[in-house]
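Tertiary structure, described
Listed below, chain by chain, are the residues.
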Amino acid sequence: MPAERPTFTGVQVLRFVAALLVVFSHLPTYLHARLGTPLVDIPVGQVGVTVFFAISGFVAVLVTQRTPRPTWRGFLRRRLVRILPLAWAVMTIKLVTLLVAPQALERAATSPTYIVSSYLFLPGRGPNGVVEPFFTVTWTLSFELLFYVVVTIALATRSDPLRLASVVFVGLAVASAFRGPDGWPTWQFHANRIVLCFL
């Protein structure tokens, strides 16, 4: 009889708290745009994102240390199934809104290349010049998927996922100090110290 997988209630509680922090940080901007309420800065969103990334790193280490070790295909498939359907659904809703009622959106300017890049979670430079995805709140998923790709490569090459992720992400964090205002948008986006939160 297979051993029961451990349940980490504390991790689920942290996920819930992190989600609330992110929602609270975005709420004033939404209310200001829709209802004209005063714009108040609630700087807790970054804390919530940091917690989310740390949980992802923790869970990935647990999963890859199981016996038998998961295959890289199985690991990647489960992560993609968990992330892509909902993310693509909300992007499509925004895209349809853009086509049908662009006046309902704060930022309606876009381009086909920019939209395709966003669906692939490769942040592009929007018409406003800012490097961010088409549906801005999905920016964290670009980092999540980068982390999962690194772990997948480690599993495929029979390497230590944590060691490989440490090399890649410390390298990106160091590179962020030399990142210029121009260049490949995806590189500019991912060369960020926030990737250290996964470790």
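Throughout what follows, the structure given in this document is the object of discussion. (Residues numbered from 1 in each chain as written. Predicted model: local features only at pLDDT ≥ 70, side-chain atom pairs only at ≥ 80, totals over all residues. Heavy atoms only, no water.)

Things to note about the overall build of the protein chain
For the protein chain, the count of helices and strands is seven helices and two strands. From first element to last, N terminus to C terminus, the protein chain shows the α and β order α-α-α-α-β-β-α-α-α. Dimensions of the protein chain, computed from the C-alpha atoms along their principal axes, are close to 55 × 40 × 30 Å. Going through the 199 residues of the protein chain one by one, you find that 35% of them count as buried. Within the protein chain, residue pairs in contact and separated by at least 24 positions form 60% of the contacts whose partners lie at least 6 positions apart. Split by element, the accessible area of the protein chain, about 12,200 Å² in all, is 68% carbon and sulfur. The positive charge centre, built from 17 side chains, and the negative charge centre, built from 7, are 10 Å apart in the protein chain. (Helix = DSSP H or I, 4+ residues; strand = E, 2+ residues; numbered from the N terminus. Buried < 20%, exposed > 50% of the residue type's maximum accessible area, 1.4 Å probe, protein only. Contact = heavy atoms within 4.5 Å. Areas by Shrake-Rupley, 256 points an atom, 1.4 Å probe, with all protein chains shown as cover. Lys, Arg positive; Asp, Glu negative; His and termini not counted. Charge placed at Lys NZ, Arg CZ, Asp CG, Glu CD.)

A few points about the side chain of Ser-56
Along the polypeptide, Ser-56 turns up in helix 2 (residues 45-64). On the accessibility criterion, Ser-56 (8% relative accessible area) is buried. Sequence-distant contacts of Ser-56, defined by excluding residues within four places in its chain, comprise Glu-144, Phe-147, Tyr-148 and Phe-198.

Topic: the environment of Gly-36
Summarising the element assignment, Gly-36 is placed in the loop between helix 1 (9-35) and helix 2. Given a relative accessible area of 56%, Gly-36 falls into the exposed group. Taking the C-alpha atoms as reference points, Gly-36 and Leu-14, 22 residues apart in sequence, are found 32 Å from one another.

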